[in-house]
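Here are the chains, one letter per residue:
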Amino acid sequence: MLYLVSLALALAIALGFGGWSARYALDRSEDVGTESVGPWEANPTAGSVDADPYSKARLARDGNLTLGIGEGIAFRATRDSAGAPLLRQCSYRLEGPTPPARVWTLAPFTLEGRLVQARQGQPGWLVSTNLMRREDNGADIAVGPLAAPGNWLSVSGTGAYALSLTLYDTPASSSSGLGELEMPRIVATGCNHA
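Residues numbered from 1 in each chain as written. Predicted model: local features only at pLDDT ≥ 70, side-chain atom pairs only at ≥ 80, totals over all residues. Heavy atoms only, no water.

Student: I keep staring at the overall build of the protein and nothing clicks. Help me out?
Tutor: When you go through the protein residue by residue, the secondary structure sums to two helices and ten strands. Reading the helices (α) and strands (β) of the protein from amino to carboxyl end gives α-β-β-α-β-β-β-β-β-β-β-β. By the burial criterion, 35% of the 194 residues in the protein qualify as buried. When contacts within the protein are restricted to residue pairs at least 6 apart in sequence, those whose partners lie at least 24 apart make up 71%. Looking at the protein as shown, the accessible area adds up to about 11,500 Å², and 57% of this sits on carbon and sulfur atoms. (Helix = DSSP H or I, 4+ residues; strand = E, 2+ residues; numbered from the N terminus. Buried < 20%, exposed > 50% of the residue type's maximum accessible area, 1.4 Å probe, protein only. Contact = heavy atoms within 4.5 Å. Areas by Shrake-Rupley, 256 points an atom, 1.4 Å probe, with all protein chains shown as cover.)

Student: Just to check I follow, could you spell out the pattern of salt bridges for this structure?
Tutor: Under the definition given, this model contains two salt bridges. A salt bridge links Arg 93 to Glu 95; the nearest nitrogen and oxygen atoms lie 2.7 Å apart. Relative accessible area serves as the criterion here: at 18%, Glu 95 is assigned to the buried category. As a salt-bridge pair, Arg 185 and Glu 95 come within 3.5 Å of each other at their nearest N and O atoms. Of the two residues, Arg 185 sits in strand S10 (residues 185–191) while Glu 95 sits in strand S4 (residues 90–95), which places them 90 residues apart along the sequence. (Salt bridge = Lys/Arg side-chain N within 4 Å of Asp/Glu carboxyl O.)

Student: Where do I start with the sheet that holds S4 in this structure?
Tutor: Within a sheet, adjacent strands bond to each other through the backbone by hydrogen bonds, running parallel or antiparallel. Pairing in this open sheet of four strands is mixed, and the strands run S8-S7-S4-S10 from one edge to the other. Each edge of the sheet is formed by a strand with only one pairing partner; in this case those strands are strand S8 (151–154) and S10. Pairwise comparison of adjacent strand axes, ignoring direction, gives a mean angle of 25° for this sheet. (Pairing = 2+ DSSP bridges. Axes fitted to C-alpha atoms, helices over the stretch in contact; angles between N-to-C directions.)

Student: Which parts of the structure should I look at to understand the pairing of strand S7 (residues 141–144)?
Tutor: Walk down a regular strand and you will see the side chains alternate between the two sheet faces. Residues of S7 alternate between two faces, with Ile 141 and Val 143 on one and Ala 142 and Gly 144 on the opposite face, all of them buried. Pairing between S4 and S7: three bridges, direction antiparallel. In the sheet register, Leu 94 faces S7, and the bridge partner there is Ile 141. Examined bridge by bridge, S7 and S8 share four bridges and lie parallel to one another. In the strand pairing of S8, Gly 144 is matched with Ser 154.

Student: Explain the state of the cysteines here, please?
Tutor: Covalent bonding between the sulfur atoms of two cysteines is what defines a disulfide. Here the structure, examined in full by the defined rule, presents one disulfide. Covalently, Cys 90 is tied to Cys 191 through a disulfide, its sulfur atoms 1.8 Å apart. A torsion of 95° about the S-S bond marks the disulfide between Cys 90 and Cys 191 as right-handed. Here Cys 90, found in strand S4, pairs with Cys 191, found in strand S10; they are 101 residues apart in sequence, far enough to count as distant. On the basis of relative accessibility, which here comes to 3%, the residue Cys 90 falls in the buried class. The exposure class of Cys 191 is partly exposed, given its relative accessible area of 41%. (Disulfide = S-S within 2.5 Å.)

Student: In this structure, what is going on with the nonpolar core? I would like to understand it.
Tutor: Considering soluble globular proteins, one finds that nonpolar side chains tend to be buried as a cluster. The biggest cluster of nonpolar side chains holds 27 residues, and the ones touching the most others in it are Trp 40, Phe 75, Leu 106, Val 143 and Leu 163. Going through the elements one at a time, strand S2 (40–42), strand S3 (72–77), S4, strand S5 (103–109), S7 and strand S9 (162–168) are the ones with two or more residues in this core. In this structure, Leu 163 is in contact with Trp 40, Phe 75, Arg 76, Ala 77, Leu 86, Leu 94, Leu 106, Ala 107, Pro 108, Val 143, Leu 153 and Ile 186, ignoring residues within four places of it in sequence. (Core = buried A, V, L, I, M, F, W, Y, C linked by side-chain atoms within 4.5 Å.)

Student: Even after reading the chapter, I still don't get the side chain of Asp 80, so can you show me in this structure?
Tutor: Position of Asp 80 among the secondary structure elements: in the loop between S3 and S4. An unpaired buried charge is present at Asp 80: no salt bridge exists, and Arg 79, the closest side chain of opposite charge, is 7.0 Å distant. Among the polar contacts listed, one links the side chain of Asp 80 to the backbone nitrogen of Ala 82, at a separation of 2.9 Å. Within the local environment of Asp 80, its side chain forms a polar contact with the backbone nitrogen of Gly 83, the two atoms lying 2.9 Å apart. The contacts of Asp 80, once residues within four sequence positions are left out, are Pro 39, Leu 86, Tyr 92, Ile 186 and Ala 188. (Lys, Arg positive; Asp, Glu negative; His and termini not counted. Polar contact = N/O pair within 3.5 Å; in protein donor to acceptor, adjacent residues only side chain to side chain.)

Written out as structure tokens, the structure reads:
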């Protein structure tokens, strides 16, 4: 009987420690394979056969669908260009070029990966084909809780969030390095602390 109790205890400790250590390793390895361009981060090999084992395990755990190499690449920013965290109660302006792509989307997500819901009748995401553009074909985008003229992405609620800029059918997804890309700057324009 003592043998069975010892065996059950050893198995419980091994399984518990094994599960904890796997979760710890996945949580601590989020930067593996990630490249940064200003405040934007992307893992160019996520979703490919060349992805590192930690990236594959995180994708399986989170259930996220990724684009394969050649289909596109998703950039994520949790901070503005000055390094401050993005907050839903603050307003930002995205300015500057985006890498060449057939089409791109911009959407706000919680840090856990859920889409931030916009208020009724407000734009909860943007698509590049529907933007108002300047004469040089560039587009400035306002992001925040307060309506703004031109291109505006509504963000509601309070707390930190992430912006996701996904480029589809772009040469950036198959390039070996992302460091030479030009990405839009995220400039804070004010906060509503009411």
